[in-house]
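Observations on the model geometry
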Amino acid sequence: MRIRSGAAIAATLCAALTGCSQVSQPVPGAVSYHGVPGAQTSHFRNVEYDLGCGDTTLIFNHVTWYPFSPSNPDELPADPLEKYRPTASAVGSGTTQPGQLEGDTQTSTETGAGTLIIFSGGLAYWESDSGDQHTWLTTDEIDYGWEC
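Predicted model only: the values in this text are computed from it and were never measured.

1. Section: the overall build of the chain
In terms of helices and strands, the chain carries one helix and seven strands. Ordered by position in the sequence, the α and β elements of the chain form the string α-β-β-β-β-β-β-β. In the chain, which comprises 148 residues, the share counted as buried stands at 42%. Across the chain, the fraction of contacts at a sequence separation of at least 24, relative to all contacts at a separation of at least 6, is 68%. When the accessible area of the chain is evaluated, it comes to approximately 8200 Å², of which 51% is carbon and sulfur surface.

Structure, rendered in structure tokens:
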């Protein structure tokens, strides 16, 4: 899967202006189509990941996931983690929320830890516990065309 040529320009600007250290999503211009997620197959909490410059893969359970910005955002869930976010009434209640694992009422405060949702069709979504990093992921191999 090839990324549009704008990705190289965006990566160059990112490296020149910020050193890419503050990028919370794949570099603008690295937009691609990888389909529509099927049914959710699993979710995991406290998954350590840092997007880096938007070209850092996540290897989880022997599967390599590649971050990307989808070209079809209207076809994807607006908030993939919606059913895992605590409601105001549940905070401090000690109860398990729909979709939450038993005994998993706390989130990690470590930078880079987050929740990974895996869908059928080779797509996943990861969001840091702090909410400052998030991305769609695919099992399709992506050549980003830049290095940080």
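So much for the structure itself; the text now carries on.
2. Things to note about the environment of Tyr66
Tracing the backbone shows Tyr66 in strand S4 (residues 63-70). Along the backbone, Tyr66 and Asp55 are eleven residues apart, and their C-alpha atoms lie at a distance of 7.4 Å.

3. Some points on the packing of aromatic side chains
One pass over the structure, following the stated rule, counts four aromatic pairs. The interplanar angle of 90° and the centroid separation of 5.1 Å between the aromatic rings of Tyr49 and Trp126 together place this pair among those described as edge-to-face. Of the two residues, Tyr49 is situated in the loop between strand S2 (40-48) and strand S3 (58-60) and Trp126 in strand S6 (residues 123-128); the sequence distance between them amounts to 77 residues. Comparing Tyr49 with Trp126 shows no difference in burial state: the two are buried. An aromatic cluster is present here, built from Phe119, Tyr125 and Trp136 joined pairwise through their rings.

4. Thoughts on the pairing of strand S5 (residues 113-119)
Most of S5 sits inside the fold, with seven of its seven residues counted as buried. Two elements, S5 and S6, share six bridges in a ladder whose sense is antiparallel. Within the sheet, the bridge partner assigned to Ile117 lies in S6 and is Tyr125. Count of turn residues in the S5/S6 antiparallel hairpin: three residues, of which Gly121 carries a positive phi of about 95°.

What counts and what doesn't
- Residues numbered from 1 in each chain as written.
- Predicted model: local features only at pLDDT ≥ 70, side-chain atom pairs only at ≥ 80, totals over all residues.
- Heavy atoms only, no water.
- Helix = DSSP H or I, 4+ residues; strand = E, 2+ residues; numbered from the N terminus.
- Buried < 20%, exposed > 50% of the residue type's maximum accessible area, 1.4 Å probe, protein only.
- Contact = heavy atoms within 4.5 Å.
- Areas by Shrake-Rupley, 256 points an atom, 1.4 Å probe, with all protein chains shown as cover.
- Phe/Tyr/Trp six-rings, centres within 6.5 Å; stacked < 30°, edge-to-face > 60°.
- Pairing = 2+ DSSP bridges.

No statement about biological role is implied by the geometric values presented.
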